[in-house]
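Structure assessment
This is what each chain is made of:
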Amino acid sequence: MARLRQYYREKVVPRLRADLKIDNVMQVPRISKITVNMGVGEAVTDKKVMDAALADLTKITGQKPLVTKSRKAIASFKIRAGLPIGAKVTLRGTRMYEFLDRLINIAMPRIRDFRGVSPRAFDGQGNYTLGVKEQIIFPEIQYDQVDQVRGMDITITTTARDDRHGRALLEAFSFPFRK
């Protein structure tokens, strides 16, 4: 069992039930999935860029990414319909908790000039999205083997009813919000 999942069951659930005044255990918010998305627009001109991005995403998440393709042609971006322009990974279960553990405890402190993440990035339903500018903050990526610095979006989807419950859940996992 993942360390963070055990921590959630033993420490987070009782604390959230008390703080949010929830009667039923099943109403306590939990993380349902984490989606990691990497837009690779340069893959239109160079196919090797996509392979490098897929390799990076595989190392970071421990799961093979899904290649996302453009839905329609946009002439100004030189994109035709069906061209590969990104990659995404949906993490659930044990891999999700292990990734969240690495994100909070290892990767986020390695961000340059890090003062915490914005507490305003909730979407209204308790889900949180953060953008990472460099993939080299993850320890799985060797700095000297990186061909290009790429960013990614990380979306944490929760079962929370609103932003207040979602923020309480992430704060219980000691998510580093800006003060």
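Below, the structure is looked at part by part.

What counts, and at which threshold
Residues numbered from 1 in each chain as written. Predicted model: local features only at pLDDT ≥ 70, side-chain atom pairs only at ≥ 80, totals over all residues. Heavy atoms only, no water. Helix = DSSP H or I, 4+ residues; strand = E, 2+ residues; numbered from the N terminus. Buried < 20%, exposed > 50% of the residue type's maximum accessible area, 1.4 Å probe, protein only. Contact = heavy atoms within 4.5 Å. Core = buried A, V, L, I, M, F, W, Y, C linked by side-chain atoms within 4.5 Å. Expected span 1.5 Å × (residues − 1). Phe/Tyr/Trp six-rings, centres within 6.5 Å; stacked < 30°, edge-to-face > 60°.

1. Examining the environment of Phe138
Note that Phe138 resides in the loop between strand E4 (128–132) and strand E5 (152–158). Judged by relative accessible area, which is 0%, Phe138 ranks as buried. Spatially, the C-alpha atoms of Phe138 and Leu103 are 7.7 Å apart, while their sequence positions differ by 35 residues. Setting aside anything within four residues of it in sequence, one finds Phe138 in contact with Ile60, Phe99, Leu103, Ala107, Arg110, Met152 and Ile154.

2. Observations regarding the nonpolar core
Membership of the largest hydrophobic core comes to 51 residues, with the highest contact counts inside it found for Ile34, Leu100, Phe138, Ile154, Phe173 and Phe175. Among the elements of the structure, helix H1 (3–19), strand E1 (31–39), helix H2 (47–61), strand E3 (84–91), helix H3 (93–107), E4, E5 and helix H4 (163–172) are those that each provide at least two residues to this core. In terms of residue count, H3 provides more of this core than any other element does, 7 residues in total. Sequence-distant contacts of Leu100, that is, excluding residues within four places in its chain, are made with Leu4, Ile31, Ile34, Ile156, Phe173 and Phe175.

3. A closer look at H3
Compared with the 21 Å implied by 1.5 Å per residue over 15 residues, the 20 Å span of H3 between its first and last C-alpha is a close match. Listing the buried residues of H3 in full gives Met96, Tyr97, Phe99, Leu100, Asp101, Arg102, Leu103, Ile104 and Ala107.

4. Some words on H2
Given a rise of 1.5 Å per residue, 15 residues ought to cover 21 Å, and the 22 Å separating the end C-alpha atoms of H2 matches this to within 8%. Its buried side turned inward, H2 meets E1, strand E2 (66–69), E3, H3 and E5. Positioned one or two residues after H2, Gly62 has a phi angle of 75°, which is positive.

5. Observations regarding the packing of aromatic side chains
Applying the stated criterion across every chain yields a total of 9 aromatic pairs. An aromatic cluster of three or more residues is present, and its members are Tyr7, Tyr8, Tyr97 and Phe173.

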